[in-house]
Each structure stands twice: as C-alpha cells, then as structure tokens.
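Coordinate inspection notes
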Protein chains: 2
Amino acid sequence: MKTIRLFCPATVANVSCGFDVLGLCLDTIGDEMIVTQTTQKGIRIIGITGADLPLKAAQNVAGVAAMALLEVLQPDCGFDIVIHKKIKAGSGIGSSAASAAGAVFGINMLLGNPFSTKELIPFAMKGEAVASGCEHADNVAPALLGGFTLIRGYEPLDVVALPVPSELYATVIHPQIELKTSEMRAVLPTQIPLKKAIAQSGNLGGLIAGLYTSDYELIRRSLHDRIVEPLRAGYIPGFDLIKETALQHGALGVGISGSGPSVFTLNKDLETTHKVAFAMEQKYTETGIPFEVYVSPVATRGVQLINS
Amino acid sequence: MKTIRLFCPATVANVSCGFDVLGLCLDTIGDEMIVTQTTQKGIRIIGITGADLPLKAAQNVAGVAAMALLEVLQPDCGFDIVIHKKIKAGSGIGSSAASAAGAVFGINMLLGNPFSTKELIPFAMKGEAVASGCEHADNVAPALLGGFTLIRGYEPLDVVALPVPSELYATVIHPQIELKTSEMRAVLPTQIPLKKAIAQSGNLGGLIAGLYTSDYELIRRSLHDRIVEPLRAGYIPGFDLIKETALQHGALGVGISGSGPSVFTLNKDLETTHKVAFAMEQKYTETGIPFEVYVSPVATRGVQLINS
C-alpha cells in the first residue's frame, strides 16, 4: 500500500482585472491530504478533519474529482483519502478547489503520472462543480499548476501558465462572515458597458505584461476592477477600509478574492507585505468582526508532496 | 537648414481581441515625410502628394500634431513639412496616425530629441483627433513605437510596448470601398454581454502571453473577436470570403483592421504569409471590387529615418 501526503494550496480567483479568467496560487495556506492506494477498487473518503463535509465520495468534492479520474483510467485498485481541511469552506480562497486538485494530483501520482498536471484540470473541475454548481477552472488551475493562470477559454479548455515575478507576495484577509455564492452571482449583470469592458481589457493586458516583465509599477497600475468589485464590495463589511489601509501601506492592489468574503492584496517584497498585513489587522479589529490574515508568496508550484 | 526624410508606417488597430487597446505596426506600407527646420517660426505644410488633404496646418493632421508639440517646446525656429501620402485615407490602416506620428517624430529629432518617442504619443493624438474626432492612441502608439502596443488606460495615458515574435507577419487586404467611421462607430452597442467580455478577456490575455512566449499556436487560438467583428463584418463586402480563404491557407487569425474596410491577417513565417496573400488575391478578384494586398513583417520599429 503506497501512501502520499500532499499540500493542497489555497488560491485567489479573478485577481481584480481578470474576472473569471485569472487565478493565482498561495503558498502558506492550504489543506493536507493523505491518499493511499488500496486493493479495493473505488474511492473512499475515510476521514475529514477541520470541516463538516460529506464522507460519501459521490457528494464530496475530492471524491467526485477522484471518481472522474478513475472512470477514465480504470485502474485495478482504489484509493483511500483523508482530508485535513485548513482552508475554511466559503472563505473565497478556493477551499473546494484545493480538495479537488489534491485528489486528482495524488491519484495520478500514485499511478505513475499517466496524465500531465495540466491534463488533470478537467477532472478537478468536475469535483469543483459539486461545490459551486458549475465547472470552472479559475481556482483548480492555479491550485494544480501554481503561479498565475489564465483561462483563455473553455471550448475547449485552454489554460495558460503565466510567470510570477520573484518579489510578488500576497496577503489575504478573511472576515468570518458568510456570503452566499448564489447571492454574489446574482449581483452580476448580464450586460456591462462596452467602455468598462475596454478599460478592464487594458488593465488585464497590463497585468499580464507586468507579470512577464516583472514590472511592479505596471502591475500596480493594472490592478483595478471596474466591473465586479463595485457590485460586490458592499457585501463585505469594511471592504473600503481594508482597501484604503492596504494601499496606504504600499500594496500594489487590493481586490475581492473569488466572490469573497476574503480580500487579497498583492505587494512587492516581503517587508511591505508584512506592513500591509499588520496595518489591515490593526484596522480591521475596529469592525468587531472576527477575521484571519495570511501572508504568502505567490507560489510558483501548486499541489505538492509533503516529505514525511 | 536641416532636413530629414522619414518613413511613417501604416498600423493595424484592435487586432481582433484587442478592441480599442491593441495596435501593431507594419513595415512595408507607409508614407514618406520630409521635415525641414526653418528660421521662420510655425508650421507650414508646403506640399502633399498622393492625397487631397488640406495644406493649412491647423486643418491638417500632421500640422495640428506638430503645432501641439511646438506649443510646448517653443523653439526659436519653425518647420516645413512635405507629405508623400502612400497610405490611402479611409483605408483603416492608420493613414492619419502615420502623418501625425511622422510630424512629431521629425520635429523632435530635429530639435535634438527633447522628448522620448513614447512622450510624443499625446502630441500625435491631438493630430489624430482632427481626422477621427476624438483623441485615441491605438494607431499613433504603434506608429511611433513600432511592434505591438497595448493602451492600458487613458487616465493618464499608459502605453505598454509588447514584444514581437520574430516570425510574425501580416497581410492586409484593402477593398477600395468607403466606410464612414461614424457609421462604423454607430454599430457599436453601449452595452455588451458580460459573458462575451469575459471570453474576449481570455483571448486578449492569451494573445499577449503568446507574444511574450512566441507561442504561435496560442496566438492562433486567441485571435478572435466576439464583440465588434460580428457587428462590422457585414459592411465589408466579402469579409467572410477573405477570412475563410486566409484561414484555409494557414493564417493564424483574420480580423478587421481598425474600423475597416481593410482586413488583416497574422501569419507565422513569410512563406505562409505569401500563400495567404496570394489566395486572398485570387479569391477577392471574384467580387469585382478593386483592392490591394500588402505583405509585411510586424515591424519592431515605428517611424524611422530614411537614409538618403
């Protein structure tokens, strides 16, 4: 019986100007998963700590992703999965994506890597759909590949790995309130002004160019969301306070992580990042809402083995 | 009296997925301008060949751009300008931008380059506005800087020079019909579906990533315009014929140049480019509409001195 332990990272989707197309991978926040190859066929979730999630594989994000992979590979064995959940469900930093990504990565590895990591994305998306109601890749792609990822399109799925400037760090502040994803989707209009779409395009292009050239000032000028943030920010208590504080302390940009409630910042160098995190922490205490703050480099690697 | 002769290149704005934010510079199509420093202050357009354009500086694209520059520099001299127009007005490949760019580039050079080429863009935009009714940079930026340019934003103007893969070539087919820019603007909606904006974003991101990595297949997958092309293509007789023919013969992508009527293709390597050009030429003859076809590398340099 082969067993592996995996670190399954949290991720930030959208990244301001990249609504529904960009995502990035974090390094210091993530679940731990233990995947064991067994002689008994099928997938069994044999333990979950840190969250109240279904053990039944067909109802579990990791289980569904794993089953989708097994259906194609048809191996003569099965897998037991243990999940130590550290990313809170509903936090907006890719909790379900981490589980889906970890499951397919682990099984693929135990079977000798029949698929490339990129090829695992569609299987992880099937797991992700259990939690979010639709197949999307903006969290599972960075969770698997690491770094920044661009979803160029879905028909067919086309994921582009973008480079990560070496001094790029993120903070995440997670106000512990519940935001219904369905409600956050409902605030989105079906139509947007062409002018705003053009402005957003310019910023997305600028951000991508900034990533390729490690031009932090260009990244700073590009990290704006004129489309979605104005509609969703009001649902996150203290969003403006966080944003103002982080920018004042040197953040390159601040935005909603996924559909919230977590808010991320991107920053140049670790010192600035700690300053930003500390200032947000100080300031957010005033709201009386419980919260957590994380600091992380933008990870160049996604799901990875933990050496035991 | 110092005199310089300049090549002022044609440009392609929009480039399919980059509506209002992207432009590229051509190499083999362009005007010639002769700029002479004189003791008499002010700007005089002393000759124009190849087009019926106003000689009065205040009504001429090159004149207005030049005057805007002189207003800031206040030199103790003036300039005579001769324009040999080779890019047809109204062709959709940046005819007015070439004149505006050439005028400011030439004067700046004769004065010892007080401004960087990038800093000249706002002055050229003022000239461009005479022709198009509004200040925009999607043609003057590539005409001045060469290569691909991204307009990240206008407030303030933020132009990003993007790299050009070495084997990237363009063709341009110019059906000699008249399209009113005002009419082409009128077909644009003020609102567009959010879903289309997201798909377009993905493609723009993919194209930019493809330019940085010389990934021609990614460029191919990204060269789509789901927003503007469907609305404008019907005004260009034979657009579908051109597109189908070019794609069949290996073009990476096909789109409307600016607001038309010219249609551009991007292609990998010169051989394919000639094949595409030849096939379009053969096919378009069937329409009975007079036209011209050009082949050019995507130029890495913009306006430049012609050695005499």
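Residues numbered from 1 in each chain as written. Chains lettered and ligands numbered in written order. Predicted model: local features only at pLDDT ≥ 70, side-chain atom pairs only at ≥ 80, totals over all residues. Heavy atoms only, no water.

1. A word on the UniProt feature "domain: GHMP kinase N-terminal" (unreviewed entry) in chain A
Which entries qualify depends on this criterion: UniProt positions are given in the numbering used here, feature names are shortened, and annotations may be inferred rather than shown by experiment. Here a strand is any run of E in DSSP of at least two residues, a helix any run of H or I of at least four, and the numbering for each starts at the N terminus.
The sites that UniProt annotates as "domain: GHMP kinase N-terminal" (unreviewed entry) are residues 65-147 of chain A. Helix makes up 52% of residues 65-147 of chain A and strand 8%, with an end-to-end C-alpha separation of 22 Å.

2. Some remarks on the relation of the copies chain A and chain B
Where we set the bar: Overlaid copies result from least-squares superposition on C-alpha atoms, with residues included only where pLDDT is at least 70 in both.
When chain A is brought onto chain B, the operation consists of a screw motion whose angular component is 180 degrees and whose axial shift is 0.0 Å, with 0.0 Å RMSD remaining. Taken together, these values place the two copies in the relation of a two-fold axis.

3. With respect to the UniProt feature "domain: GHMP kinase C-terminal" (unreviewed entry) in chain A
Following the UniProt record, one finds the feature "domain: GHMP kinase C-terminal" (unreviewed entry) at residues 208-284 of chain A. Taken end to end, residues 208-284 of chain A is 55% helix and 13% strand, and its two terminal C-alpha atoms sit 31 Å from one another.

4. Things to note about the sheet that holds strand E11 (residues 291-297) of chain A
Hydrogen bonds between backbone groups are what pair the strands of a sheet, and the pairing can be parallel or antiparallel. Residue and element names in this part refer to chain A. To be explicit about the condition: A pair of strands counts as paired when DSSP detects no fewer than two bridges linking them. Working convention: axes come from line fits to C-alpha atoms, limited for helices to the stretch in contact. Angles between N-to-C directions cover 0 to 180 degrees.
Overall, antiparallel pairing links the four strands, which are arranged E9-E10-E7-E11 in an open sheet. The open sheet has two free edges, formed respectively by strand E9 (253-256) and E11, since each of these has just one partner strand. Shown here is a sheet whose adjacent strand axes are inclined to one another by a mean of 20 degrees, direction ignored. Pairing geometry for strand E7 (residues 168-175) and E11, over seven bridges, is antiparallel. Paired with Pro 175 across the bridge in E11 is Phe 291.

5. As for the interface of chain A and chain B
Definition in use: Note on definitions: a residue-residue contact is assigned when non-hydrogen atoms from the two residues lie within 4.5 Å. Basic side-chain nitrogens of Lys or Arg form a salt bridge, by our definition, when they fall within 4 Å of a carboxyl oxygen of Asp or Glu. Polar contact criterion, stated in full: a pair of N or O atoms within 3.5 Å, where within protein one must be able to donate a hydrogen and the other to accept it, and residues adjacent in sequence count only if both atoms are side-chain atoms.
Taken together, the contacts link 33 residues of chain A with 33 residues of chain B. Here A:Arg221 makes a salt bridge to B:Asp158, at a shortest N to O gap of 2.5 Å. Where chain A touches chain B, the interface holds nine residue pairs in polar contact (both at pLDDT 80 or more). Listing elements by their share of the side of chain A that touches chain B, those giving two or more residues are strand E5 (148-154), strand E6 (157-162), strand E8 (191-193), helix H6 (194-213) and helix H7 (216-222) of chain A. The leading source of residues in the side of chain A that touches chain B is H6(A), at 14 residues.

6. Looking at helix H3 (residues 121-132) of chain A
All names here are of chain A. Our working rule: To estimate the expected span of a helix, count its residues, drop one, and scale the result by 1.5 Å. Partly exposed describes any residue whose relative accessible area lies between the buried limit of under 20% and the exposed limit of over 50%, with all areas from a 1.4 Å probe on protein chains only and scaled to the type maximum.
Here H3 is 12 residues long and its end C-alpha atoms lie 16 Å apart, about the 16 Å a rise of 1.5 Å per residue gives. The complete set of buried residues in H3 reads Ile 121, Phe 123, Ala 124, Met 125, Gly 127, Glu 128 and Ala 129. Packing partners of the buried residues in H3 comprise helix H1 (61-73), helix H2 (95-110), helix H4 (140-145), E5 and E6. A positive backbone phi angle near 90 degrees is found at Gly 133, which sits one or two residues after H3.

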